[in-house]
Amino acid sequence: MTRKAVALISGGLDSLLAAKLIQQQGIEVEGINFFTGFCVEGHTHAIRKHDRDRVKRNNALWVAEQLGIKLHIIDIVDEYKDVVINPKHGYGANLNPCLDCKIFMVHKAQEWLKQHDFDFIITGEVIGQRPKSQRKKLMPVVADESGADDLLLRPLCAKSLPATLPENEGWVDREKLKDFSGRSRKPQMALAAEFGFEDYAQPAGGCCFLTDQSYSVKLQDLWDNRGNREYELDDIMLLKVGRHIRPSKAFKLIIGREEGENQYLSGYKRQFQTISTVSHAGPLALVEGEPLDPQQLELACAITARYSKGRDADSVEVRFSDREQGSRSIHVKPLAAAQLNPDWVIV
Amino acid sequence: MSPVIELDARRLLCPMPVIRLQDCVEKQDRGVKVRITCTDPGTMNDIPTWCRINGHRVLATEQLEHEYIFLVQKDPDGT
């Protein structure tokens, strides 16, 4: 009887190697990849025009194709909110709830396993590779709290951990698994070479915006100014785009930095008040917050004009559009560099 | 002949267009055709890759100025 394993595929090298090790033992493997909304995968490359010449591939799909396995991409945006908002084990250096995230994903994989009649779960975890979620003493925490228990096999470090069900039952040969540990990537790179993988994605980490300091600052600002920690997918997508400038608690500007971002932001015209420059080439800005009073509107237009080609002009014509009141033309003097309070810029 | 199912994935960034297609295709019978319209240029790679690894076929691809349109057939070879 051929046993079946579901592999958590992030798109990175570790999950590629873990799945390959198990495939080599005659196990049928299918991949699962979770979309949280915070995934770095492709988004910014898709938005920014100057990145458009880069190869735009989804690394999880690419890994699945290298392995010759099916990949199931699962939208967990809504369920994942509780992980981000209330992480039982706390955050890492930024707003990254890495341990809770791992527990949640393994739990979801276990649910999938039951629904699809698979036998065990594999991940690309390596002891000591990540300071928060991959310490040796935390490995049992993931297995216990996810509910996966001994159905969770980590092929890259299995020999340094207690044997799991697939090993005890003889479905996989423990001796053919690995005992990798630490932050060095050399063992993985050597194994990749052994398997003939020459082209693979980023080193471990870096696949989630929540590990990024600037992104986390923007998310915290969003929460602080809303007075609660709820969010929608559009909120967290927009945190990946543009300059974020908050001159007051009442409103924030999201200003496109180049044509690709302006094009992306234009898709939100129906949901936001917007400002765009008319007399000079310049950005599109979304206004997030309450309707602007005249003083706030003048400041918002002056800030937007500052990022246009007319930043040194005496006057720049902008178009302010309000979803309820229509649009109108406004002439402003662009804000001078010295007038832009650095505290307004959210980075 | 069964009608082509239309999916609108405009403004969605990868992998959401792939998820939309996947969730639609899963509910269909073998051989059913789905046309998906996207704006993320990443779909030019991702949708054909997703089809290849899951046994579906891209019957046609059309690239307009800001849109990418794929006609996909579910599992034509019964894999």
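Here the structure is a predicted model, which is why all the values come from computation and not from measurement.

For the rest of this paragraph, the subject is the interface of chain B and chain A. Taken residue by residue, the interface counts 17 residues in chain B and 18 residues in chain A. Counting residues per element, the ones that place at least two in the side of chain B that touches chain A are α1 (16–26) and α2 (43–54) of chain B. The leading source of residues in the side of chain B that touches chain A is α2(B), at seven residues. Across the side of chain B that touches chain A, the residue classes break down as eight nonpolar, five polar and four charged.

It is worth spelling out the domain arrangement of chain A at this point. The domain boundaries assigned to chain A delineate domain 1 (4–208) and domain 2 (241–344). Domain 1 of chain A and domain 2 of chain A are separated by 42 Å when their C-alpha centres are compared.

This next bit is on the confidence of the model for chain B. Confidence in the prediction for chain B averages 93 pLDDT; 99% of positions are at 70 or higher. Under the prediction, the complex receives an ipTM of 0.92, its pTM being 0.91.

Further remarks concern the pairing of strand β7 (residues 251–255) of chain A. All names here are of chain A. The buried fraction of β7 amounts to five of the five residues, a majority that puts the element mostly inside the structure. The alternating pattern of β7 places F251, L253 and I255 and K252 and I254 on opposite faces, both of which are buried. In this sheet, β7 lies alongside strand β6 (residues 243–248) in antiparallel orientation, the contact comprising four bridges. Across the sheet, the residue bridging to H244 is I254, located in β7. Connecting β6 to the next strand, β7, in antiparallel fashion are two residues.

Calculation rules
Residues numbered from 1 in each chain as written. Chains lettered and ligands numbered in written order. Predicted model: local features only at pLDDT ≥ 70, side-chain atom pairs only at ≥ 80, totals over all residues. Contact = placed C-beta atoms within 7 Å. Helix = DSSP H or I, 4+ residues; strand = E, 2+ residues; numbered from the N terminus. Nonpolar A, V, L, I, M, F, W, Y, C, P; charged D, E, K, R; others polar. Domains from an automatic or database assignment. pLDDT = per-residue confidence, 0-100. Buried ≥ 20, exposed ≤ 12 C-beta atoms within 10 Å, placed from the backbone. Pairing = 2+ DSSP bridges.

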